[in-house]
Amino acid sequence: MCGIVGILGSKPVATDLVDALRRLEYRGYDSAGIATVENGHLERRRAEGKLRNLESRLLSEPLTGRTGIGHTRWATHGRPTERNAHPHMSAKVSVVHNGIIENFRELKAELTAKGHSFETDTDTEAVVHLVSDELDQGRRPIDAVRAALGKLKGAFALGIIFAGEDDLMIAARQGSPLAIGHGRGEMYLGSDAIALAPFTDAITYLEEGDWAVMRRSGVEVFDRAGECVTRPLVKSVASSLLVDKGNHRHFMAKEIHEQPDVISHTLSNYLDMANARVAFPDLGVDLAKISRVTISACGTAYYAGLVGKYWIERYARLPVEIDVASEARYREAPLPDSGLALFVSQSGETADTLATLRYARANGQRIASIVNVRTSTIARESDAVLPTLAGPEIGVASTKAFTCQLAALACLAIALGKARGVISEAQEQELVTALVEVPRLISSMLHNEEQFVELAQALSKARDVLYLGRGSSYPIALEGALKLKEISYIHAEGYAAGELKHGPIALIDENVPVIVVAPEDDLLEKTVSNVQEVAARGGQIILISNANPEKIGCALAAHIVPPTAHPLTNPLIYAVPVQLLAYHTAVFMGTDVDQPRNLAKSVTVE
Ligand code: F6R
């Protein structure tokens, strides 16, 4: 979380810094700030809230330096006020930081005892005083940073500039991504290549433990041991990924509507559509010999993985373990011989997912990842990458990345089933044909959005909403509840339908809408019993099902009817109505749909 930029420019850089920050706002938007070297001394402008507040500040108090750093914040230590906004600085050094300095309390105590006075509640300020302290002892900036880095614990990405140094910027990466951009007589630093796309497509990614000394003429990279190392210069495709909202009011709406296209694109990467066969890339491992799949992910990506578990167990008869990465990484679970560890992540940078990946690698697992950002750390640290071709997802609430993750997971389940001899060629054809139909079926639902607008008005009045699902619809109930709470701020919970009577049923009264995700499949009858239990207690049932309402046998407050599909593909189809319900409820309530409060798109802290 938090976005970092830096520019060693040939002209004043303030406007370009803000421009780059705009493309990083997905990483946090609690506050923003920039600092530049102005005639040898450091100056900064900062503002609480969205970037537009910083822009207004810069209009009245411009900065003219050609060397500068910028930051957009997702608050971890200290409230999201201007005082805590980055860059943090002393008279000698200015720092932008993404991540957490874990030993900042010890450092603060030490430095305070030495006479440094701290102004903010942030962990970052410890870096400022640490580097200043080294400079006070007569060290040159590069040596001061080298010494300071040796004292920092935690996960961080840093951009640092110095008073009196118009042609120097230092970057450091330990646990949070950093890209260095090469221009003509200019150099750039960014949390990702998209931030730098308008300036350059020539990118060097720093690796774990790297730190870099940047000047307008080029960059020198050092590894953790201080050895000068060569990191490849790659051509980034980020410039072609810059996006706008098109005719939509929000990125989220655009991304929901892109699903037929991007799912189709993702499927075509894993299927031979003409012959209705899976055409799975080589994972460098014999699929028939995998003893167990262990899936780890966070949030929405975890729910995609949970659907994957149902699919792989059902269609490949292969045991699957799944856990949220923030738990998996600390459980020290024994992992099997010949195990495949599978990680699901839109950004490919989620700190807990990455830590679990490293644990799995250290424990002898083959590592595969389903990621949307191919240049991400998780992708780079995997033995095999299964890309989702969703394109950049800007809305903080994940939609199209989720369904593309499902598409890739469904193909993996079929590939495993086939390799293990569990599914016949005829079954493979049936399943692949079902997947190929998904984009068309989702399209048909997207042409019928009016019903969600009406329903959203009723939902917006609820204080609590329950989502129920069974089998592979259970993760969709969880995802529906997550979508609603994150963008509308209405409290919502997803439950396995059969769990209702073990506690949550106590919550039900006539004011609690209960959204039931229940495609007509072999589990429908069981879910119907749960629906009747809700009805008997006066709950307002909103049914999402292609089943005839007569089969439900009780009054419904509303009935959304998705198209009939193969049981394999129902999670993909039913994901869309829960997204639309959340979206329209949030729009009706007037929340900030694309940038909901307290959230960020890329979660690089633990
Ligand atoms: C919710 C959402 C988050 C992410 C989670 C993992 O809409 O987007 O729950 O799914 O933070 O992020 P990635 O997929 O980037 O690892």
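The residue numbering used here restarts from 1 in each chain and proceeds along that chain's sequence as written. Residues qualify for local features only when their pLDDT is at least 70, as the model is predicted, and side-chain atom pairs are given and counted only at 80 or more; totals for whole chains, interfaces and linings, by contrast, use all residues. Only heavy atoms go into the side-chain values, all of them from the structure, while hydrogens and water stay out.

**Considerations on empty space enclosed by the protein**
Buried and open spaces are told apart on a 1 Å grid over the protein atoms alone, a cavity being a set of points where a 1.4 Å probe fits but cannot get out and a pocket being an open set with protein on both sides within 12 Å along at least five of seven lines. Residues with an atom within 4 Å of a point are the lining residues. Grid points are joined across faces, edges and corners, and a volume is the space filled by probe spheres set on the points. Applying the stated criterion to the full structure yields three cavities of 30 Å³ or more. In this structure, the largest cavity spans a volume of roughly 130 Å³. Along the wall of the largest cavity there are 17 residues; nearest its centre are Thr-294, Ser-296, Ala-328, Leu-335 and Thr-356. We count a stretch as a helix when DSSP gives it H or I for four or more residues in a row; a strand needs E for two or more, and each element gets its number in order from the N terminus. Of all the secondary structure elements, the ones that give two or more residues to the lining of the largest cavity are strand 18 (292-297), strand 19 (320-324), helix 10 (325-331), strand 20 (339-345) and helix 11 (351-362). Per element, the largest residue contribution to the lining of the largest cavity is four residues, and it comes from strand 18. Taken together, the residues of the lining of the largest cavity sort by class into nine nonpolar, four polar and four charged. Residues are grouped as follows: nonpolar covers Ala, Val, Leu, Ile, Met, Phe, Trp, Tyr, Cys and Pro; charged covers Asp, Glu, Lys and Arg; every other residue, Gly included, is treated as polar.

**Examining the nonpolar core**
Nonpolar cores are built from buried Ala, Val, Leu, Ile, Met, Phe, Trp, Tyr and Cys residues. Side-chain atoms within 4.5 Å join them into one set. Burial here depends on accessible area, computed with a 1.4 Å probe over protein chains only, as a share of the maximum for the residue type. Under 20% is buried, over 50% is exposed, and the range in between is partly exposed. Counting residues in each nonpolar core, the largest one holds 97 residues, and the members touching the most others are Val-293, Trp-311, Leu-416, Leu-435, Val-465 and Tyr-467. Domain delimitation follows an automatic or database domain assignment. Summarising the domain contributions, this core has at least three residues from each of domain 2 (254-436) and domain 3 (444-589). By the convention used here, residues are in contact when the closest approach between their heavy atoms is within 4.5 Å. Here Trp-311 is in contact with Ala-316, Leu-406, Leu-409, Ala-410, Ala-413, Leu-568, Pro-571 and Leu-572, once residues within four sequence places are set aside. By size, the runner-up hydrophobic cluster in this structure holds 29 residues, among which are Val-128, Ile-142, Ala-144 and Ala-172.

**Some details on the pairing of strand 7 (residues 154-162)**
Burial of strand 7 is extensive: eight of the nine residues sit out of reach of the surface. Two strands pair under a simple rule: DSSP has to find at least two bridges between them. Sheet analysis places strand 6 (residues 93-101) next to strand 7, joined by nine bridges and oriented antiparallel. By the bridge assignment for strand 7, Gly-99 is matched with Phe-156. Sheet topology places strand 7 next to strand 8 (residues 165-174); five bridges connect them, and they run antiparallel. Residue Ile-160 lies in a different strand from strand 8, and its bridge partner there is Ile-170. Counting the residues that bridge the hairpin from strand 7 to strand 8 gives two residues, and of these Gly-164 lies at a positive phi of roughly 80°.

**What about the environment of Lys-235?**
Tracing the backbone shows Lys-235 in strand 15 (residues 234-235). For Lys-235 and Gly-65, which are 170 residues apart along the polypeptide, the C-alpha to C-alpha distance reads 28 Å.

**Topic: the site of the ligand**
For this description, a residue counts as near a given molecule or strand if any of its non-hydrogen atoms is within 4 Å of it. With respect to spatial proximity, 14 residues lie near the ligand, and among them Ser-345, Gln-346, Ser-347, Thr-350 and Glu-486 are the closest. Any pair of nitrogen or oxygen atoms within 3.5 Å is treated as a polar contact; in protein, a donor-acceptor pairing is required on top of that, and neighbouring residues in sequence qualify only through side-chain atoms on both sides. At a separation of 2.9 Å, an oxygen atom of the ligand approaches a polar side-chain atom of Lys-483. The contact in question runs from an oxygen atom of the ligand to an N or O atom on the side chain of Glu-486, over 2.5 Å. Methods summary: accessible areas were calculated by the Shrake-Rupley approach with a probe of 1.4 Å, and residue burial reflects only the protein chains presented. Bound to the protein, the ligand loses 89% of the 410 Å² it would expose on its own. Among the secondary structure elements, those contributing two or more residues to the shell around the ligand are helix 9 (299-316) and helix 16 (474-488). Partitioned by chemical class, the residues of the shell around the ligand number five nonpolar, seven polar and two charged.

**Quick look at the packing of aromatic side chains**
Aromatic rings from Phe, Tyr and Trp, taking only the six-membered ring of Trp, are treated as a pair when their centres fall within 6.5 Å; an angle between ring planes under 30 degrees marks them as stacked, one over 60 as edge-to-face, and anything in between as tilted. Enumeration according to the criterion identifies four aromatic pairs in this entry. Geometrically, a lysine NZ or arginine CZ counts as sitting over a ring once it is within 6 Å of the ring centre and also within 35 degrees of the ring normal. Lys-50 extends its terminal NZ or CZ atom over the ring of Tyr-29, reaching a point 5.3 Å from the ring centre. Above the face of the Tyr-489 ring, Arg-597 is positioned so that its terminal group lies 3.8 Å from the ring centre.

**Quick look at the sheet that holds strand 25 (residues 513-517)**
Strand order in this open sheet of five strands is 24-23-25-26-27, and the pairing throughout is parallel. Each edge of the open sheet carries a strand with a single partner, namely strand 24 (491-496) and strand 27 (558-560). When the angles between neighbouring strand axes are averaged without regard to direction, this sheet yields 20°. Lying over the sheet, helix 15 (residues 450-459) contacts strand 23 (464-469), strand 25, strand 26 (540-544) and strand 27, oriented at roughly 140° with respect to strand 27. Strand contacts of helix 18 (residues 570-589): strand 23, strand 25, strand 26 and strand 27, with the helix running at about 135° to strand 26, the strand carrying the most contacts. Every angle, taken between N-to-C directions, lies between 0 and 180 degrees, and every axis is a line fitted to C-alpha atoms, over only the stretch in contact when it is a helix.

**Concerning the sheet that holds strand 13 (residues 218-222)**
The strand order across the open sheet built from seven strands is 5-6-7-8-12-13-14, with neighbouring strands paired in antiparallel fashion. A strand with exactly one partner marks an edge of an open sheet, and here the two such strands are strand 5 (88-89) and strand 14 (228-229).

**Re the domain arrangement of the protein chain**
Per the domain assignment, the segments making up the protein chain are domain 1 (3-247), domain 2 (254-436) and domain 3 (444-589). A separation of 26 Å is found between the C-alpha centroids of domain 2 and domain 3. With 27 residues of domain 2 at the contact, the number on the domain 3 side is 25 residues. At the boundary of domain 2 with domain 3, total buried surface from both sides reaches about 2100 Å², with 73% on carbon and sulfur atoms. In short, buried area is how much 1.4 Å probe accessible area vanishes from two parts on joining, totalled over both. Ranking the residues of domain 2 by area buried against domain 3 places Ile-256, Tyr-303 and Tyr-310 at the top, with a combined share of 24%. Those elements giving two or more residues to the side of domain 2 that touches domain 3 turn out to be helix 7 (251-257), helix 8 (259-270), helix 9, helix 13 (400-419) and helix 14 (425-446). Counting residues per element, the side of domain 2 that touches domain 3 draws most heavily on helix 9, which supplies nine residues. Of the residues in the side of domain 2 that touches domain 3, the class split is 18 nonpolar, seven polar and two charged.

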